[in-house]
Amino acid sequence: MAEKKPVKICETILRDAHQSLIATRMPTDLMLPILERMDKVGYHSVECWGGATFDACLRFLKEDPWQRLRLIRDGLPNTKLQMLFRGQNILGYRHYADDVVEDFVEKSIANGIDIIRIFDCLNDLRNLKAAVDATIKIKNREGRGHAQIALSYTLGDAYTLDYWMNMAKQIEEMGADSICIKDMAGLLLPYKAYELVSAMKSATSLPIDLHSHYTSGVAGMTYLKAVEAGCDIIDTAMSPLSMGTSQPATEVMVETFKGTDYDTGLDQNILAQIADYFAPYREECLKSGLLNPKVMGVNIKTLLYQVPGGMLSNMVSQLKEQNAEDRYNDVLNEIPKVRKDMGEPPLVTPSSQIVGTQAVFNVLMGERYKMATDQTKDLLRGKYGQTVKPMNPEVIEKVIPGEERITCRPADLIPNELAKIEADMKEYKQQDEDVLSYALFPQVATDFFKYRQAQQEKVDVTKADTTNNAYPA
């Protein structure tokens, strides 16, 4: 009899499922009533924070993301909470100084996070070091905190099995607790997953987690083969917000492995109660248009062109704006060329947008790199980090002629900035965490702080005459 090896489940309905299907708009109030049920499931973890939730809380939901985390922590006392952390970008869109990264890790764990999944869009491990080291430091001091490094899965000449095995070894050497294969575009096919997981398992003793999206229709089968190859954890979403651009359904995967050596042991009756709770919300989102049926189907183009679905739709809308939809195939042919010029980065945010937009420019201008976006220039300058292959020197010379490029870790050039950020926003500070909200999204956080103050004082600051200190104006 083979040894029993129950596969563990990371549940994504409180983060990536609604981020992928309804633009991260699920409010905290909708999450809280079901937490007690979810806490009884026995999930490996519940992913509930990070990614786009932070920005969406402040910008659209007028919620404090830190308060959301504390409330979820209270509601799930027996379940590990997980977040997604974009390496040196934290949850924002630029590289931050190490002191901001360290403080963010510290406050995330202090407010209830157990597992921090850390990734970099270029798979440049130097951009993960500060976050991983900060997590390890807290773990050594307090016995909690788990650093999971996620590798952005992608296809291309550079991404051989040797590449992935070598990365797995380096991740183990960095002191990480586990590895995630992050297949954001649903490009990983079932038998390729079996090969990949087998190869990585031969290179490292760390647990392996597989994260995929159903965009291309294969993720459930991919999970099955990955688990057979020794994958330890899979990311799934409760059925009402599963499939499409989200993850495979939790209940389906639990039933798939039932009675096998990989049986999860999770109770379908409890899962059914959770699904029943979220089902009316799904209907509400469909009715309001927040959940667009377009994101729920299978996008086979993703597999045919090896390009993430979001990148294809961005490209179509850019061509539409320019009345150039007839150039679609030209741009599709240009994408792999631009990607090669840029050192073959994984096609994940923001590198996917940079490569896609540049390919559109190259085709529409009739001359390659006649015009380049600021982001293209920054990628060529080395501001995002190091790519797996060298960039095209001719393109560098054409786009940023004579400029000196960065070869060190980009954050080495950023001086500590926490004290200055705190000084800039001190009038709004009600908790230490507010400094970090402001650090990531200065304008959005300021608007939220003003809104919060108005709620607390029952005064609408937007109606005040601040010049003459009169209310209302």
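Check the entry above for the structure.
Just so it is clear, the model here is predicted, and its values are computed rather than measured. (Residues numbered from 1 in each chain as written. Predicted model: local features only at pLDDT ≥ 70, side-chain atom pairs only at ≥ 80, totals over all residues. Heavy atoms only, no water.)

Caption draft 1: Local environment of the pattern of salt bridges. All chains considered together, the criterion is met by 39 salt bridges. One salt bridge connects Arg-141 with Glu-106, and the closest N-O pair in it is separated by 2.9 Å. Taken together, the residues span a long stretch of sequence, with Arg-141 in helix α7 (residues 129–142) and Glu-106 in helix α6 (residues 98–110) at a distance of 35 residues. Through salt bridges that share partners, Glu-106, Arg-141, Glu-142 and Arg-144 make up one connected network. (Salt bridge = Lys/Arg side-chain N within 4 Å of Asp/Glu carboxyl O. Helix = DSSP H or I, 4+ residues; strand = E, 2+ residues; numbered from the N terminus.)

Caption draft 2: Here's a closer look at the packing of helix α14 (residues 309–321) against helix α15 (residues 328–341). Look at α14 against α15: their axes get within 11 Å of each other, and the N-to-C directions meet at 135 degrees. Viewed along their axes, α14 and α15 adopt a mutual orientation that is oblique. In the crossing of α14 with α15, the sense of the turn from one axis to the other is right-handed. On α15, the residues touching Met-311, Leu-312, Met-315, Val-316 and Leu-319 of α14 are Tyr-328, Val-331, Leu-332 and Ile-335. (Axes fitted to C-alpha atoms, helices over the stretch in contact; angles between N-to-C directions. Parallel < 35°, antiparallel > 145°, perpendicular 65-115°, else oblique. Left-handed = near helix turned anticlockwise from the far one by under 90°. Contact = heavy atoms within 4.5 Å.)

Caption draft 3: Examining the environment of Leu-71 more closely. Examined against the element boundaries, Leu-71 turns out to sit in helix α5 (residues 65–75). With a relative accessible area of 30%, Leu-71 lands in the partly exposed category. Distance in space between the C-alpha atoms of Leu-71 and Leu-32 is 7.5 Å, their sequence separation being 39 residues. Those residues in contact with Leu-71 that lie beyond four places of it in its chain are Thr-28, Leu-32 and Leu-35. (Buried < 20%, exposed > 50% of the residue type's maximum accessible area, 1.4 Å probe, protein only.)

Caption draft 4: Summary view of the side chain of Glu-433. Tracing the chain through its elements places Glu-433 in helix α20 (residues 433–440). An unpaired buried charge is present at Glu-433: no salt bridge exists, and Arg-70, the closest side chain of opposite charge, is 4.1 Å distant. Engagement of the side chain of Glu-433 in a polar contact is seen with the side chain of Asn-111, the distance being 2.9 Å. When near neighbours in sequence (up to four residues on either side) are disregarded, Glu-433 contacts Trp-66, Arg-70, Lys-107 and Asn-111. (Lys, Arg positive; Asp, Glu negative; His and termini not counted. Polar contact = N/O pair within 3.5 Å; in protein donor to acceptor, adjacent residues only side chain to side chain.)

Caption draft 5: Main features of the environment of Cys-231. Structurally, Cys-231 can be placed in the loop between α10 (219–228) and β8 (233–236). Overall, Cys-231 belongs to the buried group, its relative accessible area being 2%. Distance in space between the C-alpha atoms of Cys-231 and Lys-383 is 34 Å, their sequence separation being 152 residues. Other than its neighbours up to four places away in sequence, Cys-231 contacts Lys-5, Val-7, Val-197, Ile-208, Asp-209, Leu-210 and Ala-226.

Caption draft 6: Representation of the packing of aromatic side chains within the structure. Tallied over the full model, the rule gives 17 aromatic pairs. Here Phe-54 and Phe-104 contribute two aromatic rings whose centre-to-centre distance is 5.6 Å and whose plane-to-plane angle is 55 degrees, an arrangement assigned as tilted. Taken together, the residues Phe-54 in helix α4 (residues 53–61) and Phe-104 in helix α6 connect sequence positions 50 residues apart. Owing to a relative accessible area of 0%, Phe-104 belongs among the buried residues under this scheme. (Phe/Tyr/Trp six-rings, centres within 6.5 Å; stacked < 30°, edge-to-face > 60°.)

Caption draft 7: Geometry of the sheet that holds strand β6 (residues 178–183). With respect to topology, 8 strands assemble into a closed barrel ordered β1-β2-β3-β4-β5-β6-β7-β8, the strand pairing being parallel. Within this sheet the neighbouring strands show an average axis-to-axis angle of 30 degrees, counted without direction. Across 4 bridges, strand β3 (residues 81–85) lies against strand β4 (residues 115–119) in parallel orientation. Residue Met-83 lies in a different strand from β4, and its bridge partner there is Ile-116. α5 rests against β2 (45–50) and β3 of the sheet, and its axis sits at about 165 degrees to β2. (Pairing = 2+ DSSP bridges.)

Caption draft 8: Quick peek at the nonpolar core. Membership of the largest hydrophobic core comes to 104 residues, with the highest contact counts inside it found for Leu-14, Met-38, Tyr-43, Phe-85 and Phe-104. Examining the composition of this core, we find that 7 residues originate from one element, helix α12 (residues 268–288), more than from any other. Counting residues in hydrophobic clusters, the runner-up holds 36 residues, among them Cys-121, Tyr-328, Leu-347 and Val-355. (Core = buried A, V, L, I, M, F, W, Y, C linked by side-chain atoms within 4.5 Å.)

Caption draft 9: A look at unusual backbone geometry. In this model, Asn-123 sits at a positive phi of 55 degrees, which is unusual for a non-glycine residue. When you line up the elements, Asn-123 lands in the loop between β4 and α7. Judged by relative accessible area, Asn-123 falls into the buried class, the value being 6%. Here the phi dihedral of Met-243 falls at roughly 65 degrees; this positive angle occurs in a residue that is not glycine. Within the fold, Met-243 resides in the loop between β8 and α11 (250–257).

Caption draft 10: Structural context of the packing of α20 against helix α21 (residues 442–457). Between α20 and α21, whose axes approach to 5 Å, the crossing angle comes to 135 degrees. As summarised for this structure, α20 and α21 are arranged oblique, according to the angle between their axes. Contacts between α20 and α21 involve Asp-434, Ser-437, Tyr-438, Ala-439 and Leu-440 from the first element and Pro-442, Ala-445, Thr-446, Phe-449 and Arg-452 from the second. Of the residues in the contact of α20 with α21, the class split is 6 nonpolar, 2 polar and 2 charged. (Nonpolar A, V, L, I, M, F, W, Y, C, P; charged D, E, K, R; others polar.)

Caption draft 11: Expanded view of a nonpolar patch on the surface. Among the surface-exposed residues, Val-298, Ile-300, Leu-304 and Tyr-305 lie close enough to one another that they form a single nonpolar patch of about 390 Å² accessible area. Position of Tyr-305 relative to the elements: it lies in helix α13 (residues 301–305). (Patch = residues over 30% accessible without salt bridge, like charges linked within 9 Å, V, L, I, M, F, W, Y side chains within 5 Å. Areas by Shrake-Rupley, 256 points an atom, 1.4 Å probe, with all protein chains shown as cover.)

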